[in-house]
Structures are given as C-alpha cells and as structure tokens.
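# Understanding the architecture of this molecule
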Amino acid sequence: MDRAQKEKVVEELGQIFESSGVVVVAHYAGLTVADMQDLRARARDAGGAVRVAKNRLAKIALEGKPCESMGDLLSGMTVLTYSEDPVAAAKVAEDFAKTNKKFEILGGAMGENALDRAGVEAVSKMPSRDELIAQIAGMLGAPASSIAGAIGAPASNIASILSTIEEKAEAA
C-alpha cells in the first residue's frame, strides 16, 4: 500500500468515526471468510457496515475525533462494526458474538463516550431508532382511539338503555 492509498484509507476511516452513531471494536482472529461475510451481511441488513483496517491507520484517523479514546482498543486483529443508528452496530456485534465465540468484542465508542465490553452490551439492549419511532407513533395514536371510544360510549350506553326500556314496555 503506497502513501496515497494510506491517506485515502485514513480519510475514509476519519469519516466513519465522525459520522457513525456507534463504532464497535472486536477481535476476529480465527473467523472464516464465510463468518466474516455473514457478519457483513447482518450489518448491512441493519443499516451498518464492517471494516477491517490497519490499527496504525485507524489510530491516525482517530486523532482529533470525538471518539479518540477508542484508540486504546486497536491492537491485534481488530474489526470495526459501525452504523449511523446508535444501536444497530452494537446489536449486530452482540448477536454475532453469541453465535461465534471467536468474535470477541473489546469495546467501542458512541459519540464522545468510550464504551467497554459491558457498555456495548448495554447499548445493544436499547431499542433501535425504528423501534422508538414505532413506540412514539403508538403513543400518539392511543389518545385518539381513547377519544373515539369515549365519544362513542355514551351513544352505545343510551342505545342499550333505550332497548332495555323498550323490552320492559313490551313485557308489561
């Protein structure tokens, strides 16, 4: 890799570190090509991506970025899983680590906050952006259905009272 290629990689990694909601760092020693393809596919499906880069270039790209403290995790055979959604990459990494013991999560960063192994696990348990939007939409729709039910209830109550009175009148 010549100097121009290295500069391009550093620039790409810098953009990843700036634009990602979360970056998860893990060791991947011993994973097969099929395992890595599976990880990439899972990340892509969740709206994230996976990147293997030289640690030295990644550390250079981290300089001056909010998640610079993550540089301590970059040693050995590391892979970066990242996404704009602050939860997606952590969920993908956690799910993959459960099924593949050779994938060892070291930590990561969420904005300026450095995450250790437990931090990545905690982030992965949070609801994703899409799940939060669905919950908010459900909450917004609930009052409207309650109002419709409250408006319709008196009419149904009056109708049942009238039918009861009518039945008593017919019986008498």
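It should be noted that the structure appears before, not after, this text.
First, a word on scope: everything that follows refers to the structure included in this document.

Cut-off values and rules
Residues numbered from 1 in each chain as written. Predicted model: local features only at pLDDT ≥ 70, side-chain atom pairs only at ≥ 80, totals over all residues. Heavy atoms only, no water. Helix = DSSP H or I, 4+ residues; strand = E, 2+ residues; numbered from the N terminus. Buried < 20%, exposed > 50% of the residue type's maximum accessible area, 1.4 Å probe, protein only. Contact = heavy atoms within 4.5 Å. Pairing = 2+ DSSP bridges. Axes fitted to C-alpha atoms, helices over the stretch in contact; angles between N-to-C directions. Polar contact = N/O pair within 3.5 Å; in protein donor to acceptor, adjacent residues only side chain to side chain. Parallel < 35°, antiparallel > 145°, perpendicular 65-115°, else oblique. Left-handed = near helix turned anticlockwise from the far one by under 90°. Nonpolar A, V, L, I, M, F, W, Y, C, P; charged D, E, K, R; others polar.

## Notes on the overall build of the protein chain
- Looking only at helices and strands, the protein chain has 6 helices and 5 strands in total.
- Residue burial in the protein chain is summarised as follows: out of 172 residues, 35% are buried.
- A fraction of 78% describes how many contacts in the protein chain between residues 6 or more apart in sequence connect residues 24 or more apart.

## A closer look at the sheet that holds strand β3 (residues 78-83)
- The strand order across the open sheet built from 5 strands is β2-β3-β1-β4-β5, with neighbouring strands paired in antiparallel fashion. Pairing within the sheet leaves two strands with one partner each, and these edge strands are β2 (48-52) and β5 (113-115). Within this sheet the neighbouring strands show an average axis-to-axis angle of 20°, counted without direction.
- Looking at chain direction, strand β1 (residues 22-27) and β3 are connected through 6 bridges and run antiparallel.

## As for the side chain of serine 20
- For serine 20, the location among the structural elements is in the loop between α1 (3-19) and β1.
- In this structure serine 20 comes out as buried when scored by relative accessible area, which is 12%.
- Polar contacts involving the side chain of serine 20 include one to the main-chain carbonyl oxygen of isoleucine 16, which spans 2.6 Å.
- Among all residues touching serine 20, those that are not within four sequence positions of it are Tyr82, Ser83 and Glu84.

## Side note on the pairing of β1
- Counting buried positions over the 6 residues of β1 gives 5, a clear majority of the element.
- Bridge analysis of β1 against strand β4 (residues 104-110) gives 5 bridges, and the strand direction is antiparallel. Pairing of alanine 26 across the sheet is with isoleucine 105, part of β4.

## Focus on the packing of α1 against helix α3 (residues 55-62)
- Across the interface, α1 lies against α3 with an axial gap of 8 Å and an inter-helix angle of 55°. Classified by the interaxial angle, the pair formed by α1 and α3 is oblique. With respect to the hand of their crossing, α1 and α3 are arranged in right-handed fashion. Of the residues in α3, those in contact with Lys6, Val9, Val10, Leu13, Gly14 and Phe17 of α1 are Leu57, Ala58, Ile60, Ala61 and Leu62.
- Here the contact of α1 with α3 is composed, by residue class, of 9 nonpolar, 1 polar and 1 charged.

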